[in-house]
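Close look at the chain arrangement
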Amino acid sequence: MKNSTARTDVVLAGLALVDVIGRPVDIHHPPRRGGLQVMESMTLTTGGNVANCGIDLAKLGFRVGAISRIGDDPLGDFVLRHLAKYRVQTSGVTIDRKAQTSATFVAVEKGGERTFFHTRGCLRSFRVADIMKHLPLIARTKIFALGYLGLLPECEPHLPRLFAAVKLRTGAATLLDTGGNPRKNPGLLKRILPYVDYFIPSREEAAILTGASSPAGMVQTFRAWGARGVVGIKLGSDGCYITDGDRAATLPAVKVRRVVDATGAGDAFVAGFLAATLRGFAPLDAARRANAIAASCVTAVGASTAIKPFDDYR
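Here is a short report on the structure shown in this document.

About the criteria used
Residues numbered from 1 in each chain as written. Predicted model: local features only at pLDDT ≥ 70, side-chain atom pairs only at ≥ 80, totals over all residues. Heavy atoms only, no water. Core = buried A, V, L, I, M, F, W, Y, C linked by side-chain atoms within 4.5 Å. Buried < 20%, exposed > 50% of the residue type's maximum accessible area, 1.4 Å probe, protein only. Contact = heavy atoms within 4.5 Å. Helix = DSSP H or I, 4+ residues; strand = E, 2+ residues; numbered from the N terminus. Pairing = 2+ DSSP bridges. Salt bridge = Lys/Arg side-chain N within 4 Å of Asp/Glu carboxyl O. Phe/Tyr/Trp six-rings, centres within 6.5 Å; stacked < 30°, edge-to-face > 60°. Axes fitted to C-alpha atoms, helices over the stretch in contact; angles between N-to-C directions.

Concerning the nonpolar core
- Ranked by size, the top nonpolar core spans 51 residues in total, and within it Leu12, Leu57, Leu60, Phe269, Phe273 and Leu274 carry the most contacts.
- With residues up to four places along the chain from it excluded, the contact list for leucine 274 reads Val10, Leu57, Ile143, Ala145, Leu175 and Tyr198.
- By size, the runner-up hydrophobic cluster in this structure holds 44 residues, among which are Ile67, Val128, Cys155 and Leu188.

Examining the pairing of strand S13 (residues 248-251)
- Going residue by residue along S13, you find Ala249 and Leu251 tucked away on one face and Ala248 and Thr250 left uncovered on the opposite face.
- Here strand S12 (residues 240-243) runs beside S13; their pairing, made up of four bridges, is antiparallel. What sits directly across from threonine 243, in S13, is alanine 248.
- Here S12 folds back onto S13 in antiparallel fashion, the turn holding four residues, of which glycine 245 has a positive phi close to 105°.

With respect to the pattern of salt bridges
- Summed over all chains, the structure comprises 14 salt bridges.
- A salt bridge links aspartate 96 to arginine 69, with the shortest nitrogen-to-oxygen separation between them at 3.0 Å. With a gap of 27 residues between them, aspartate 96 in strand S5 (residues 89-96) and arginine 69 in strand S4 (residues 64-71) connect regions that are remote in the sequence.
- The partner of aspartate 177 in a salt bridge is lysine 234, and the shortest N-O contact between them spans 3.3 Å. With aspartate 177 in strand S9 (residues 173-178) and lysine 234 in strand S11 (residues 230-234), the pair connects residues that are 57 residues apart, well separated along the chain.

Here's the deal with the pairing of strand S1 (residues 10-14)
- Counting buried residues in S1 gives five out of five residues, a clear majority hidden from the surface.
- Residues Val10, Leu12 and Gly14 point to one face of S1 and Val11 and Ala13 to the other, with burial holding for every one of them.
- When S1 meets S4, the two strands line up parallel, connected through four bridges. By the bridge assignment, valine 11 is partnered in S4 with glycine 65.
- Here S1 pairs with strand S8 (residues 143-149) via five bridges, running parallel. Within the sheet, the bridge partner assigned to glycine 14 lies in S8 and is glycine 147.

Thoughts on the packing of aromatic side chains
- The final tally for this structure, using the stated rule, is seven aromatic pairs.
- The interplanar angle of 35° and the centroid separation of 6.2 Å between the aromatic rings of phenylalanine 105 and phenylalanine 117 together place this pair among those described as tilted. In this pair, phenylalanine 105 is assigned in strand S6 (residues 103-108) and phenylalanine 117 in strand S7 (residues 114-119), connecting sequence segments twelve residues apart.
- On the basis of relative accessibility, which here comes to 27%, the residue phenylalanine 105 falls in the partly exposed class.
- For the ring pair phenylalanine 222 and tryptophan 225, a centre distance of 6.1 Å and an interplane angle of 70° mean the geometry is edge-to-face.

So, the sheet that holds S4
- The nine strands lie next to each other as S5-S4-S1-S8-S9-S10-S11-S12-S13, forming an open sheet whose pairing is mixed. A strand with exactly one partner marks an edge of an open sheet, and here the two such strands are S5 and S13.
- Each of S1, S4 and S8 touches helix H1 (residues 48-60); the most contacted strand, S1, lies at about 160° to it.

Structure below.
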């Protein structure tokens, strides 16, 4: 879907890539050198916040735009076809003819935990300028979401300028997501967070960023650094901690019978939170819906396979 004039509910910027998911993989006992380990399945799918959250939101019933960079190769063609299947608008996706599409091999253990092997490919060349040139696209959306802080090092010094421009020139609400191993950089976050409406990193990432050990302490640090909107911590199987400035709560995870693959659970939480917010839910109620959507994500192989329409999560 290449219509750059269409209005959207969410524009996602950052990582769009290919995931090859193998399960189950016993990473603690690999085959001997030159040997073979048999797996139950190997799945080719898309990954990264742009594809994961984008397809999740589309399946939940929302209009989505994408801003990213892919290679001029079969993997890039696969990403575009997969996004088009779910009617994600791709006018903001740049085709890089000098480097391959970013890709990850995801080794899924028997219990669902993942280990990642990643090549950045053309995302090494992804810059804030790739996003800034699409400000007209962002001006026609309700929420702009970027990911991931920690996996876009070339962009990080310029993120304050980007978020200020989005906030002041487009009117879109903003979300910043984290991933990988973000560096502790209070100076950078102090310049970004005043322009961010929703900031909900994972517990592990928030611990690196703040040095705090408790979710409340992490959020308190982010508030001290200028975060003014909804701030929370994704707690994995423990749910989430959310505060809107007036109220704060730890909301338990929704239990599932069997965890098949935890790939994309954090992205599903973000998609669920944004979907519920767009439907008018208050932050704590939106986080409850997000917990339910993240729980459904882990019941099937792939980041978006098990996601259902929003009203199915009542």
